[in-house]
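Below are the chains, spelled out letter by letter.
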Amino acid sequence: MSRRVVGVTLDNLEHLSKHSRTCVFWELAPHLREQAEEYGDTEFEKEAWVSSVLLEWGSCGRLIYCDGIPAGSAFYAPPAAVPRSAAFPTSPVSPDAVLLTSLDVLPEFRGGGLGRVLVQAVAKDLTRRGVKAVEAFGDMRPDAEASSCVTPADFLTSVGFKTVRPHPRWPRLRLELRSAITWKEDVEAALERLLNSVTVSTAEPSFRPA
């Protein structure tokens, strides 16, 4: 199975899942979200938010394809661009961090590590842009009746996030970006050393005549 990760743009928004295209849990303040869901067009609101963040800050999402099929996405932005973040009991997000708002993998693609790949893609993009950390609000009870737009806390801890402000339902977690990237670089370096040693050991020995 081939995997490809690209940045979210206005041209590929249609490749998001229906849930991701219409969820404005993070993008609007709670009362505005309720109005949009009842009277407005949430898909339009999502597009407007992406457009605004792209213009003012830059890339704010990643799309992953498996064999050419859109399989999942992740969104992230500075806390100031995420109105909902202020409503959490474990806010505010640290001033040196970008907020990972949502991460969604289609049901038929879950269990294959795509969520981890998306987090790594987000970390790589933000590290290149000089960001020190990414934070996220986790859901301790993702199966309960609540917003499905909040990432399960168990998943966040499984990919390296650490709890910085505990809460029985909405903890805030943090991933130091250097650690997220360096482990991959360390593994690649170790593999390169291993391959070099194999090359040396399998080379034909040279003999000098007695």
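Residues numbered from 1 in each chain as written. Predicted model: local features only at pLDDT ≥ 70, side-chain atom pairs only at ≥ 80, totals over all residues. Heavy atoms only, no water.

Trainee: Quick one: what's the story with the sheet that holds strand 7 (residues 172–176), residue by residue and with numbers?
Mentor: The strands that make up a sheet are held in pairs by hydrogen bonds between backbone atoms, and each pair lies either parallel or antiparallel. Spatial ordering of the open sheet is given by 1-2-3-4-5-7-6, a layout of seven strands whose pairing is mixed. Of all strands in the sheet, those bounded by a partner on one side alone are strand 1 (3–7) and strand 6 (162–165). Between one strand and the next, the sheet's axes are offset by a mean angle of 30°, whatever the strand orientation. The sheet contact formed by strand 4 (residues 97–105) and strand 5 (residues 133–137) spans three bridges and is parallel. The partner of Val98 across the bridge, within strand 5, is Val134. Contacts from helix 4 (residues 114–128) reach strand 1, strand 2 (61–66), strand 3 (69–77), strand 4, strand 5 and strand 7, with the element oriented near 140° to strand 2. (Pairing = 2+ DSSP bridges. Helix = DSSP H or I, 4+ residues; strand = E, 2+ residues; numbered from the N terminus. Axes fitted to C-alpha atoms, helices over the stretch in contact; angles between N-to-C directions. Contact = heavy atoms within 4.5 Å.)

Trainee: Go over the state of the cysteines, please, and point to the residues and values.
Mentor: Inspection of the entire model under this criterion finds one disulfide. Two residues share a disulfide in this structure: Cys23 and Cys149, whose sulfurs sit 1.9 Å from each other. Linking Cys23 in the loop between helix 1 (18–22) and helix 2 (30–39) with Cys149 in the loop between strand 5 and helix 5 (153–158), this pair joins segments that are 126 residues apart in sequence. The class for Cys23 is buried, based on a relative accessible area of 12%. (Disulfide = S-S within 2.5 Å. Buried < 20%, exposed > 50% of the residue type's maximum accessible area, 1.4 Å probe, protein only.)

Trainee: Just give me the short version of unusual backbone geometry, but keep the residues and values in it.
Mentor: A cis amide bond links Ser91 to the next residue, Pro92, at an omega of 10°. Of note, Pro92 is situated in the loop between strand 3 and strand 4. Unusually for a residue other than glycine, Asp67 sits at a positive phi of about 50°. Here Asp67 lies in the loop between strand 2 and strand 3.

Trainee: Lay out helix 4 in plain terms, naming residues and giving numbers.
Mentor: Taking 1.5 Å per residue as the helical rise, helix 4 with its 15 residues ought to reach 21 Å, and the 21 Å between its terminal C-alpha atoms agrees with that figure. Every buried residue belonging to helix 4 is among Leu114, Gly115, Leu118, Val119, Ala121, Val122, Ala123, Asp125 and Leu126, and all of these are buried. With its phi angle positive at about 85°, Gly130 sits one or two positions after the end of helix 4. (Expected span 1.5 Å × (residues − 1).)

Trainee: Describe helix 3 (residues 42–56), with residues and values.
Mentor: For helix 3, built from 15 residues, the straight-helix expectation of 21 Å at 1.5 Å per residue is met to within 8% by its first-to-last C-alpha distance of 21 Å. All of the buried residues in helix 3 are Thr42, Lys46, Trp49, Val50 and Val53. The arc that holds every buried residue of helix 3, seen down its axis, measures 95°, which confines them to one face. For helix 3, exposure combined with an orientation more than 90 degrees from the buried face picks out Phe44 and Leu55. A positive phi of about 120° marks Gly58, the residue just after helix 3. (Arc of directions from axis to C-beta.)

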